[in-house]
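# Structural overview
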Amino acid sequence: MSAAMDTESTYSGYSHYSGHSKKAHRQGRDRHKSPRSKDGSRSEKSVTIQTPPAEPLLGNDASRAEEGQDDNWGETTTAITGTSEHSISQEDIARISKDLEDSVGLDCKRYLGLTVAAVLGLLVFLTPIAFILLPQILWRDDLEPCGTVCEGLFISVAFKLLILLIGTWALFFRQPKADIPRVFVFRALLLVLIFLFVFSYWLFYGVRILDSKDTNYQGIVQYAVSLVDALLFIHYLAIVLLELRQLQPMFAVKVVRSTDGESRYYSLGHLSIQRAALVVLENYYKDFTVYNPALLTASKSRAAKHMAGLKVYNVDGPGNNASGQSRAMIAAAARRRDSSHNELYYEEADHERRVKKRRARLVVAVEEAFTHIKRLQAEEQQKAPGEMMDPREAAQAIFPSMARALQKYLRTTRQQQYHSMESILQHLSFCITNNMTPKAFLERYLNPGPTLQYDRDRWFSKQWTLVSEEAVTSGLQDGTVFVLKCLDFSLVVNVKKIPFIKLSEEFIDPKSHKFVLRLQSETSV
């Protein structure tokens, strides 16, 4: 029966599309037959085919090619033709090319920084070894014999270099989480400090040891040990500046999404503006609900309708004095505008009623489907091992019983663009595999979740723009405001310093809590 319904819906969709294609073909043929203008150019009116409203929100064009699947689960798709409202000018093309050049520049800057850091790190680790090996290679016969203390220093240098290697790998060689617009100031200062430090050691080594061919080999080894000790202290300084300094909360940051006003508060330490922006974006993807522009269309249409109700027409013409009638019409339009709150109240009440009704239907349908799964599992335990159904097949078996209720609920709550049929089947098979309850399955659909819950390639923004009046490398200050912009919305960040708290102590004498209970003998007990 389901196969017949799928065939029927496919046939109806095909017939609907063929009707539109014939109509478009007829319009195109008529357009070709129409005479051109004198200058030989065609009409500026173009024909476009608009896709269903399941577009990516944050500008991922690669996901549009994947929209060949039917997100509405077998329903027909309407192709709308009309005048194109979007065009690309030469300025847009220049801006796109500039963005591409900027992205290439960012990649070059990132790889250049990694290359410089890798070369400097290799120089740091090879320098102590070179200090020890060069005298053995150049003037081995003139060196004094290395005693027990000298040989013990070899072991000290080896283990210190191993500790430094592990610490450097843990602190610096980590996969970058983002590309920031400016260099990290403290990391650049540390690289410069290490370079000057190693250069000064090499300069002293060349003047006092290589030129004079010092024969005190134990002193040369101790010189290499001192270099390794200094490098360990620089590594400790890097831990303090890069990791420990920012741990103590110093600022309270309020993040507001510009479209719907959703806000969150975060505590940050001593960070630059660009690193604070990076922390805000990391928390945004896990704390803020996913951006849904479909929820804003209702308020926009309502506002447009009320603005249309404020039109005033002067029927007597511009030359006649009809100010009284105009004032009366303006007053009537104002009274109509004042009653708009009633329309908003009844619209929201009706929407809540429909949401509750379809939510109840969805919960009942899912519970019945999971009950059917338990019945199938009990039956499959009696079958042979080769005839058992895997979770994917079980999900495909029970999905049609809940598909209609889930589709209606997602459309009512305007979440249908976030959930394709394939993603729902994957989530359903995951719940069946892990023996999860119907409530656990519905948790994803009853309430909108954060952006991390949805498809990464479709809903994540590829690029954010940091807008700040202050330099992005400067530290956070009380009253600092910066904006993070993407394609569809922006995040406004307001920084406030955590106030100084003065806490005092008050001593309470333990004897002050003691009391005496005196009973009169004349009382009746």
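Residues numbered from 1 in each chain as written. Predicted model: local features only at pLDDT ≥ 70, side-chain atom pairs only at ≥ 80, totals over all residues. Heavy atoms only, no water.

- The protein chain appears in an unreviewed UniProt entry as VANG1 protein from Balaeniceps rex.
- In the Sequence similarities (unreviewed entry) part of its UniProt record, the protein chain is described as follows: "Belongs to the Vang family."
- Word for word, the UniProt comment on the protein chain under Subcellular location (unreviewed entry) is "Cell membrane". (UniProt positions renumbered as here; feature names shortened; annotations may be inferred.)

## Examining the overall build of the protein chain
- Along the protein chain, the regular secondary structure elements total 13 helices and 5 strands.
- Considering the protein chain as a whole, with its 525 residues, one finds that 27% of them fall into the buried category.
- Accessible surface computed for the protein chain: about 36100 Å², of which carbon and sulfur atoms make up 58%. (Helix = DSSP H or I, 4+ residues; strand = E, 2+ residues; numbered from the N terminus. Buried < 20%, exposed > 50% of the residue type's maximum accessible area, 1.4 Å probe, protein only. Areas by Shrake-Rupley, 256 points an atom, 1.4 Å probe, with all protein chains shown as cover.)

## Let's talk about the packing of aromatic side chains
- Under the counting rule described, the total for this entry stands at 21 aromatic pairs.
- Taken together, a centroid distance of 4.2 Å and an interplanar angle of 20 degrees make the contact between Phe-131 and Tyr-205 stacked. Of this pair, Phe-131 sits in helix α2 (residues 90-138) while Tyr-205 sits in helix α4 (residues 185-210), and the two are 74 residues apart along the sequence. Tyr-205 shares its class with Phe-131; the two are buried. (Phe/Tyr/Trp six-rings, centres within 6.5 Å; stacked < 30°, edge-to-face > 60°.)

## Notes on the sheet that holds strand β4 (residues 481-485)
- Across the sheet, which stays open at both edges, the 5 strands sit in the order β2-β1-β5-β4-β3 with antiparallel pairing between neighbours. Every interior strand has two partners, whereas the edge strands, β2 (263-268) and β3 (465-468), have only one. With direction set aside, neighbouring strand axes in the sheet form an average angle of 25 degrees.
- Strand direction decides the pairing type here: β3 and β4, joined by 4 bridges, are antiparallel. (Pairing = 2+ DSSP bridges. Axes fitted to C-alpha atoms, helices over the stretch in contact; angles between N-to-C directions.)

## As for the UniProt feature "transmembrane region" (unreviewed entry) in the protein chain
- Residues annotated by UniProt as "transmembrane region" (unreviewed entry) correspond here to residues 111-133, 153-172, 184-204 and 224-244.
- Helix makes up 100% of residues 111-133 and strand 0%. Its end C-alpha atoms lie 32 Å apart.
- Here residues 153-172 is 95% helix and 0% strand, with 28 Å between the C-alpha atoms at its ends.

## Focus on the packing of helix α10 (residues 391-412) against helix α12 (residues 438-446)
- The contact between α10 and α12 brings their axes to 11 Å, and the two run at 30 degrees. Judged on the interaxial angle alone, α12 and α10 are roughly parallel. From α10, Met-402, Leu-406, Tyr-409 and Leu-410 reach across to α12, where they touch Phe-441, Tyr-445 and Leu-446. (Parallel < 35°, antiparallel > 145°, perpendicular 65-115°, else oblique. Contact = heavy atoms within 4.5 Å.)

## Quick word on the pairing of β4
- Of the pairings in the sheet, the one linking β4 to strand β5 (residues 490-497) comprises 5 bridges and is antiparallel in character. Note that in β5 the partner of Val-481 across the bridge is Asn-494.
- The turn joining β4 and β5, which pair antiparallel and follow one another in sequence, is formed by 4 residues.

## So, the environment of Ala-238
- Note on placement: Ala-238 falls in helix α5 (residues 217-244).
- Sequence separation of Ala-238 and Leu-190 is 48 residues, and the distance between their C-alpha atoms is 7.0 Å.

## Looking at unusual backbone geometry
- The backbone of Arg-414 shows a phi angle near 60 degrees, a positive value even though the residue is not glycine.
- By secondary structure assignment, the location of Arg-414 is in the loop between α10 and α11 (421-433).
- If you check the backbone angles, Asn-435 has positive phi at about 55 degrees while not being a glycine.
- One can find Asn-435 in the loop between α11 and α12.

## Some remarks on α4
- The end-to-end C-alpha distance of α4, which contains 26 residues, comes to 36 Å, matching closely the 38 Å that a straight helix rising 1.5 Å per residue would cover.
- Among the residues making up α4, those that are buried are Leu-190, Ile-194, Phe-197, Val-198, Tyr-201, Tyr-205, Gly-206 and Ile-209. (Expected span 1.5 Å × (residues − 1).)

## Side note on the nonpolar core
- By size, the foremost hydrophobic cluster in this structure holds 29 residues, and its most contacted members are Phe-131, Phe-197 and Tyr-217.
- Put simply, the parts of the chain that give this core at least two residues each are α2, α3 (148-171), α4 and α5.
- When residues in this core are grouped by element, the largest group, 11 residues, is from α5.
- Once residues lying within four places of it in the same chain are set aside, the contact partners of Phe-197 are Leu-227, Ala-230, Leu-231 and Ile-234.
- Judged by nonpolar contacts, the second largest core, of 26 residues, contains Ala-405, Leu-406, Ile-424 and Ile-432. (Core = buried A, V, L, I, M, F, W, Y, C linked by side-chain atoms within 4.5 Å.)

## Comments concerning the confidence of the model for the protein chain
- Mean pLDDT for the protein chain: 74, with 66% of residues reaching 70 or above.
- The model gives residues 1-96 a pLDDT under 50, and that stretch makes 84 contacts with residues more than four places away or in other chains. (pLDDT = per-residue confidence, 0-100.)

## What about the state of the cysteines?
- Counting across every chain of the model gives 1 disulfide.
- A sulfur-sulfur separation of 2.0 Å characterises the disulfide bridge that pairs Cys-146 with Cys-150. Disulfide Cys-146-Cys-150: the torsion about the S-S bond is -115 degrees, which places it as left-handed. (Disulfide = S-S within 2.5 Å.)

## Digging into the pattern of salt bridges
- Scanning all chains against the criterion turns up 8 salt bridges.
- One salt bridge connects Asp-229 with Lys-160, and the closest N-O pair in it is separated by 2.5 Å. Here Asp-229 is found in helix α5, whereas its partner Lys-160 is found in helix α3, with 69 residues between them in sequence.
- Since its relative accessible area comes to 24%, Asp-229 is described here as partly exposed.
- On the basis of relative accessibility, which here comes to 22%, the residue Lys-160 falls in the partly exposed class. (Salt bridge = Lys/Arg side-chain N within 4 Å of Asp/Glu carboxyl O.)

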